[in-house]
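Below, each chain spelled out in residue letters.
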Amino acid sequence: MTMFNKSVITRIVSNRYHVYHNNKIVEAVAMGKLRLGQKPIVGDEVKIEFLEEKYVIQEVLPRRNSLIRPLVANVDQALIVMSALEPDFSYTLVDRLIFLVALEGIEPVIVLTKTDLISEEKKNEIELEYTQAGYRFIALNKFDDASELSDVLAGKISVLAGQSGVGKSSILNRMNQDFSLQTQEISKALGRGKHTTRHNQLYNVENGWIADTPGFSSLNFSKVDPLELAQKVPDFAPFVSECRYRDCLHVSEPSCKIKEELEKEKISKVRYQNYCDVLDLIKEERR
Ligand SMILES: Nc1nc2c(ncn2[C@@H]2O[C@H](COP(=O)(O)OP(=O)(O)OP(=O)(O)O)[C@@H](O)[C@H]2O)c(=O)[nH]1
Ligand SMILES: [Mg+2]
Ligand SMILES: [Zn+2]
């Protein structure tokens, strides 16, 4: 396993850094000069030395990328978690998360949880919507041990993204009995008005790292550049170079390849509509 010869920050508690280093987790402090620059975050790869009885982070290596929610660096993929029911499945929410993740150049993997609560037909319908468009898709229920995720996670840094109560922490608990992360019935979580999971931490699973993260309460598109989104929606990406205009938003421009493919049902109508709604949202949020 080459990747984890690297030293990686797995958790930050005030100014103490938990760093995976030489096959174990050590606690380290940051050099004074480090704190003046970019603040290290979970997922950062670091150079670390043992000096005067303690581990000291000497340098943070350049980041490949970083997500803001959750705040994690060097993310290889995001598992977009959505429950089949409780809370209700929402194509809108899944697609908005796909867009945000794709804008960061991070690969989305769709994970449908709580499939024990819906019919096989309904499950298949959701699965087809995403597999047809080329997404990786995994369906889970509470009787699964979640080992289906093993291949997906191996050797990578992954984050779990999804609203509160969809079962993100439950997935990790099923993958490793030692974790015993706190989970909670959604009715209770909503009643308290708080999320069950409240901090960022990377957990070691299947020779990879995965961050359990608090569910979000809202998604913000105000800083998204519509043209960038138009290029990066994964469903559109294979075709965008064939639109007549380089700055095509795929709305009402002539000779738009995306609209052509949409007519031929080669691009999902659901995703296209969700994309158009997000364009409107960007306009509104900018006002
Ligand atoms: N029926 C069913 N319930 C599930 C399944 N997975 C999780 N749950 C339940 O869903 C509830 C919420 O699960 P959590 O794992 O706490 O959800 P979370 O996404 O981590 O929530 P936050 O930490 O608040 O963001 C718990 O009561 C779980 O027992 C499943 O596959 N089927
Ligand atoms: Mg949780
Ligand atoms: Zn176009």
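What counts and what doesn't
- Residues numbered from 1 in each chain as written.
- Chains lettered and ligands numbered in written order.
- Predicted model: local features only at pLDDT ≥ 70, side-chain atom pairs only at ≥ 80, totals over all residues.
- Heavy atoms only, no water.
- Helix = DSSP H or I, 4+ residues; strand = E, 2+ residues; numbered from the N terminus.
- Buried < 20%, exposed > 50% of the residue type's maximum accessible area, 1.4 Å probe, protein only.
- Contact = heavy atoms within 4.5 Å.
- Areas by Shrake-Rupley, 256 points an atom, 1.4 Å probe, with all protein chains shown as cover.
- Core = buried A, V, L, I, M, F, W, Y, C linked by side-chain atoms within 4.5 Å.
- Donors = N, O, S within 2.8 Å, 3.2 Å for Na, K, Ca; no water.
- Tetrahedral: all angles 85-135°; square planar, octahedral: opposite > 155°, others 65-115°.

Caption draft 1: Representation of the overall build of the protein. What the protein contains, in helices and strands, is 9 helices and 13 strands. Evaluated residue by residue, the protein yields a buried proportion of 49% over its 287 residues. Within the protein, counting contacts between residues at least 6 apart in sequence, those at least 24 apart form 64% of the total. Total accessible area on the protein stands at roughly 15,000 Å², and carbon and sulfur atoms take up 47% of it.

Caption draft 2: Region of interest: the nonpolar core. Counting residues in hydrophobic clusters, the biggest one holds 54 residues, and the most contacted among them are Tyr130, Leu229, Ile258 and Tyr275. Leaving out residues up to four positions away in the same chain, Tyr275 has contacts with Phe99, Leu229, Ala230, Val233, Phe236, Leu249 and His250. Among the nonpolar cores identified, the runner-up in size contains 19 residues, and Val109, Val152, Leu153 and Leu160 belong to it.

Caption draft 3: A look at the coordination of the zinc ion (ligand 3). The protein atoms that coordinate the zinc ion (ligand 3) are Cys243 (SG), Cys248 (SG), His250 (ND1) and Cys256 (SG), at distances spanning 2.1 to 2.4 Å. Of note is the zinc ion (ligand 3), whose 4 donor atoms meet at the metal with angles of 104 to 116° in an arrangement that counts as tetrahedral. Between the donor residues of the zinc ion (ligand 3), the gaps in sequence give the motif C-x4-C-x1-H-x5-C. Exposure class is identical for Cys243 and Cys248. Each is buried.

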